[in-house]
Amino acid sequence: MIVYRKQTDKLIDWNIRQYDEETIEASRVLGEYEKTNLWRIAPSADPVHPAVFPVELASRIIQFYSYRGDLVFDPFAGRGTVGIAANQLGRYYFLTEKDPTYAQYAKRLLSESNLFCEKSVQVRSLNEFTELAQRSSRLRSIKDVF
Ligand SMILES: C[S@@+](CC[C@H](N)C(=O)[O-])C[C@H]1O[C@@H](n2cnc3c(N)ncnc32)[C@H](O)[C@@H]1O
């Protein structure tokens, strides 16, 4: 796994201070955590998409690297597993997927579970995606996206 972070001279505790106590408390990862670098998670299969993540994998990453109410972006959405996990954990999601078949499929799965917001799953060409990525560095809040 590779974790990227925007270049900054700020330390991780600066990040924490951007959230109120209630959000920090609600985002706390409870229970046992994996102490090795080997995660044992059963694989997932899907009748439409050939390479899906288990929800458990997405859930762990989201819990470790975001807070409640954050916006989780998955540029390679597939069937929308990250959106499902984000919603279950009280995060917003924004997904892009280049294959219209998979994008429609993700929209269907998310709406069947009542998790779908019209603008949350989008089919993007590479140019559109590049424009979005450049714009996202100027975004200040979720309202700028939706
Ligand atoms: C391994 S799958 C992701 C599966 C997803 N994590 C899930 O659980 O459903 C990778 C996805 O990225 C999409 N993809 C590949 N290149 C892309 C690009 N440049 N922009 C957007 N989506 C892309 C593929 O169509 C494929 O659905």
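Structural data are supplied above this passage.
Read on for an overview of the structure. In this text the structure is predicted, and so the values were computed from the model without any measurement.

In this structure, Ala58, Ile62, Val72, Ala77, Val82, Ile84, Ala85, Ala86, Leu89, Tyr93, Leu95 and Leu110 together form the largest nonpolar core, which totals 12 residues. Elements with a minimum of two residues in this core: helix H3 (55–65), helix H4 (81–88) and strand S2 (92–97). The element best represented in this core is H4, accounting for 4 residues.

Time to look at the pairing of S2. With respect to burial, S2 is a largely interior element, 5 of its 6 residues being buried. Pairing between strand S1 (residues 71–74) and S2: 4 bridges, direction parallel. Paired with valine 72 across the bridge in S2 is tyrosine 93. This β-α-β element, S1 to H4 to S2, shows right-handed connectivity.

Let us now look at the site of the ligand. As a matter of local geometry, the ligand sits amid 15 residues, with His49, Phe53, Arg79, Thr81 and Glu97 nearest to it. Between the ligand and the protein, one listed contact pairs an oxygen atom with a backbone N or O atom of phenylalanine 53 at 2.8 Å. Threonine 81 is positioned such that a nitrogen or oxygen atom in its side chain is 2.6 Å from an oxygen atom of the ligand. Of the residues contributing to the shell around the ligand, the split by class is 8 nonpolar, 4 polar and 3 charged.

We now examine helix H5 (residues 100–112). An ideal rise of 1.5 Å per residue puts 18 Å on 13 residues; H5 measures up with 18 Å between its terminal C-alpha atoms. Along H5, the positions that sit buried rather than exposed are Tyr102, Ala103, Tyr105, Ala106, Lys107, Leu109 and Leu110. Where H5 starts, the residue carrying a side-chain oxygen 2.8 Å from the main-chain nitrogen of threonine 101 turns out to be aspartate 99.

About the thresholds
Residues numbered from 1 in each chain as written. Predicted model: local features only at pLDDT ≥ 70, side-chain atom pairs only at ≥ 80, totals over all residues. Heavy atoms only, no water. Core = buried A, V, L, I, M, F, W, Y, C linked by side-chain atoms within 4.5 Å. Buried < 20%, exposed > 50% of the residue type's maximum accessible area, 1.4 Å probe, protein only. Helix = DSSP H or I, 4+ residues; strand = E, 2+ residues; numbered from the N terminus. Pairing = 2+ DSSP bridges. Right-handed = clockwise from strand over helix to strand, strands pointing away. Near = heavy atom within 4 Å. Polar contact = N/O pair within 3.5 Å; in protein donor to acceptor, adjacent residues only side chain to side chain. Nonpolar A, V, L, I, M, F, W, Y, C, P; charged D, E, K, R; others polar. Expected span 1.5 Å × (residues − 1).

These figures come from the coordinates and say nothing about function on their own.
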